[in-house]
Amino acid sequence: MTDQTDDPQDLTIPDEPLPVSVLTGFLGSGKTTLLNRLLADPAMEETAVIVNEFGEIGLDHLLMEKVDEDTVLLNSGCLCCTVRGDLVNSLRDLFRRRVRRELPPFKRVVIETTGLADPAPVLQTLMTDPLVSERYRLDGVVTTVDAVNAESTLENHEESRKQAAVADRILVTKSDLTDESRLAELETRLHELNPAAPTFRVVQGEISPNELFNAGLYNPETKTLDVQRWLKAEAYTEDDHDHEHGHHHHGHDHDVNRHDSSIRAFCVTYDTPLDWDRFNSWVEMLTTVYGASILRIKGILNLEQIDKPLVIHGVQHVFHPPVKLEAWPDEDRRSRIVFITRGLEQEMFEHTLRAFNEGSGNALE
């Protein structure tokens, strides 16, 4: 199914899927301030931002041109749209209007979620809707965390812990309103939740857009798939090493009674090539039995059936179609699968993967 237009010569269809960044964070964590700064930045030119309501981000002083009741074009060249109906329809409509030159030819999309939102459904939409996944690709998840209220928020709201756990970039906002020791403790806690995500301290939304984007598998600078930069498996290996020595990070003790202690981030490795059918059966078992507790999966696989590595990416029970790389990124030929889970231990994943791949009976025993 393709978009229809009267004159094919008027079409401006991008050569590659457009990158999408998801901006999430708990209520009051600074998403609105951050968006205001980003929308005023000339570096955001050719970016479309999908927001819940214009009124929440105070666009009046930035407004240059009102395209229609749901779309405004800003002085920075950034396009700002409100969500009309569901996200799928908004993304489809945005692309259709771009193709028909009803809107400027934006090259990137930022989706702002509500403060109480679980980002998983947004990620799943980008993976599963055929028209959306053909035209857009997930670049990364950017999560804002309020430095002043983070301790209470992370303690009492599971949504905030999940938002931090699945992030590709974490922004510690209002970092000027608390002291260095509390900031260091918060950053340690965030590292325990999500070892691979870079953390940035942000004051009044001030951060370069370049720090937020290009977090996905595709590297626009090299025009290649950069699995090492995306997977960051070594971050989880270092974290496992710390766990073996009493689980200390930067001199801070881990509080086993903390709510987010149930969230685990780890990398499962497998030394010999995997059987694709058995691996699929293993993943189906995991997502059927534990889907709601598997927040995110990323991996590179060495398979018996093909001589090139395969990249996988899943959110809970939904998976993006696997991507075959042209070559291994380095000399390491092990399968490496990064999991971010809630209430599930690494040993279970290692045991069941081995059992399924070796065909050794009931893997759940």
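Shown above is the structure to which this text applies.
Residues numbered from 1 in each chain as written. Predicted model: local features only at pLDDT ≥ 70, side-chain atom pairs only at ≥ 80, totals over all residues. Heavy atoms only, no water.

Along the backbone of the protein chain there are 12 helices and 17 strands. Within the protein chain, the proportion of its 365 residues that are buried is 52%. Once local pairs closer than 6 in sequence are excluded, the contacts in the protein chain between residues at least 24 apart make up 75%. In the form shown here, the protein chain has an accessible surface area of approximately 16900 Å², with 47% of it arising from carbon and sulfur atoms. (Helix = DSSP H or I, 4+ residues; strand = E, 2+ residues; numbered from the N terminus. Buried < 20%, exposed > 50% of the residue type's maximum accessible area, 1.4 Å probe, protein only. Contact = heavy atoms within 4.5 Å. Areas by Shrake-Rupley, 256 points an atom, 1.4 Å probe, with all protein chains shown as cover.)

Turning our eyes to something else, we now look at the nonpolar core. Core analysis: the biggest nonpolar cluster contains 62 residues, and L91, L94, V109, Y136 and L190 have the highest contact counts within it. If near-sequence neighbours (up to four positions away) are discounted, L91 is found in contact with I50, V109, I111, L126, V132 and Y136. Membership of the second largest hydrophobic core comes to 23 residues, among which are V142, F200, I207 and L212. (Core = buried A, V, L, I, M, F, W, Y, C linked by side-chain atoms within 4.5 Å.)

Right, let's talk about unusual backbone geometry for a bit. Phi at E46 takes a positive value of approximately 65°, unusual for a residue other than glycine. Topologically, E46 is positioned in the loop between α1 (31-39) and β2 (47-51). Residue classification places E46 among the partly exposed positions, given a relative accessible area of 33%. Although it is not a glycine, K232 adopts a positive phi angle of roughly 50°. Structurally, the position occupied by K232 is in the loop between α9 (227-231) and α10 (233-244). According to the relative accessible area criterion, K232 is buried, its value standing at 19%.

Let us look at the packing of aromatic side chains. Applying the stated criterion across every chain, the model contains seven aromatic pairs. With a centroid separation of 6.0 Å and 75° between ring planes, the pair formed by F95 and Y136 is classed as edge-to-face. With F95 in helix α2 (residues 87-99) and Y136 in strand β7 (residues 136-146), the pair connects residues that are 41 residues apart, well separated along the chain. According to the relative accessible area criterion, F95 is buried, its value standing at 4%. Given a relative accessible area of 2%, Y136 falls into the buried group. Here W282 and F339 contribute two aromatic rings whose centre-to-centre distance is 6.0 Å and whose plane-to-plane angle is 85°, an arrangement assigned as edge-to-face. Of this pair, W282 sits in helix α11 (residues 276-290) while F339 sits in strand β17 (residues 335-342); the two residues are 57 residues apart in sequence, bridging distant segments of the chain. The exposure class of W282 is buried, given its relative accessible area of 0%. Taken together, the ring pairs connect F266, W276, F279, W282, F339 and F349 into an aromatic cluster. Here the basic side chain of R98 rests over the ring of F106, its NZ or CZ set 5.6 Å away from the ring centre. (Phe/Tyr/Trp six-rings, centres within 6.5 Å; stacked < 30°, edge-to-face > 60°. Lys NZ or Arg CZ within 6 Å of the ring centre and 35° of its normal.)

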